[in-house]
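Chain by chain, the residues:
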Amino acid sequence: MNTGELLLRHARVDERVQHLGAEIERLEAALASNPRLEQARARLEEARSAQREAAQRLRESEREVEGHRARMRDRDRELMSGRIHNPTELTKLSTEVQHMKERLSVEEDAELELMEEVEARDEAVRRAELEAQRVQAESDASAPELRGQLEKARLDLVEAEAERATVWADIPAPARALYERVRVRPPVAEVAGTACGACRVGITSGGLQQLRRGELVRCDNCGRILVLG
Ligand SMILES: [Zn+2]
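Source: prediction; values computed, not measured. (Residues numbered from 1 in each chain as written. Predicted model: local features only at pLDDT ≥ 70, side-chain atom pairs only at ≥ 80, totals over all residues.)

Peer 1: Which residues make up the overall build of the chain, and what values go with them?
Peer 2: If you tally the helices and strands in the chain, you get five helices and four strands. Reading the chain from its N end, one meets helices and strands in the order α-α-α-α-β-β-α-β-β. Over its C-alpha atoms, taken along the principal directions, the chain stretches across nearly 130 × 40 × 25 Å. Within the span of the chain, comprising 229 residues, buried residues form 14% of the whole. (Helix = DSSP H or I, 4+ residues; strand = E, 2+ residues; numbered from the N terminus. Buried ≥ 20, exposed ≤ 12 C-beta atoms within 10 Å, placed from the backbone.)

Peer 1: Describe the pairing of strand β1 (residues 188–192), with residues and values.
Peer 2: Two elements, β1 and strand β4 (residues 225–227), share three bridges in a ladder whose sense is parallel. From the neighbouring strand, Glu-190 faces β4, where its bridge partner is Val-227. Pairing between β1 and strand β2 (residues 195–196): two bridges, direction antiparallel. Paired with Ala-192 across the two strands is Ala-195, which belongs to β2. Connecting β1 to the next strand, β2, in antiparallel fashion are two residues, including Gly-193 with a positive phi near 70°. (Pairing = 2+ DSSP bridges.)

Peer 1: Describe the environment of Lys-101, with residues and values.
Peer 2: Note on placement: Lys-101 falls in helix α3 (residues 87–170). Each C-alpha atom, one on Lys-101 and one on Ala-143, is 63 Å from the other, the two residues being 42 residues apart in sequence.

Peer 1: I'd like to hear about the sheet that holds strand β3 (residues 217–218), residue by residue, with values.
Peer 2: Within a sheet, neighbouring strands are paired by backbone hydrogen bonds and run either parallel or antiparallel to one another. One open sheet accounts for four strands, arranged β2-β1-β4-β3; its pairing is mixed. Whereas interior strands pair on both sides, the edge strands pair on one side only; in this sheet they are β2 and β3. Contacts from helix α1 (residues 3–32) reach β1 and β4 within the one sheet, and its direction differs from that of β4 by about 115°. (Contact = placed C-beta atoms within 7 Å. Axes fitted to C-alpha atoms, helices over the stretch in contact; angles between N-to-C directions.)

Peer 1: I'd like a description of the domain arrangement of the chain, backed by residues and values.
Peer 2: Where the parts come together, the accessible area they lose is often given as the size of the interface. According to the domain assignment, the chain consists of domain 1 (3–171) and domain 2 (174–227). Put simply, the middle of domain 1 and the middle of domain 2, counted by C-alpha atoms, are 57 Å apart. Listed per partner, the contact involves eight residues of domain 1 and nine residues of domain 2. Each residue belonging to the side of domain 1 that touches domain 2 can be placed in one class, and the counts come to four nonpolar, two polar and two charged. (Domains from an automatic or database assignment. Nonpolar A, V, L, I, M, F, W, Y, C, P; charged D, E, K, R; others polar.)

Put into structure tokens, the structure is as follows:
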């Protein structure tokens, strides 16, 4: 393998090392946390909190309506008892009982609406529970596969790093020094026709002659080390 080929191979293996490193990070993050599961749990918690809040409002309303109902019955009983003979007082009490009944009817309607709301929120909690269970089951099922992929990526990384070191050791020192000066990634480009294969800018005839003589040439435009294919 000539120097150009070695440089090209190093650049490719180096890219593979970077890629595997990113892949390992991604798999480790996926195993450590599952955003979809966290979202499903957060939604379940929200649904439960809304359910508790509605149930609390219903209990308060029930207590209040029950109190009003008891008072209305007391007043009604008094009205029907025959103990009150004064017509003005009777009319006043009758009007009062009538108002109480009207208010109770409105309150009972509101209570029914609250009951429906509580039922709807119960249902929302059941749905959120099922969704959380489903996402949890999916997450459990995918964990062994993720662990398998992670193990393979780690082995591949060890292999790629070893190959990168071996190739590097074979590259002559001046070429290594040149390679290290190139900042753009990948630092090596194959020649495509008479142009740089990476940035597509043409190579001067002088540059092409140097390349054919086996000299190291960098692209005038992007700075990559050029290698004849
Ligand atoms: Zn170029």
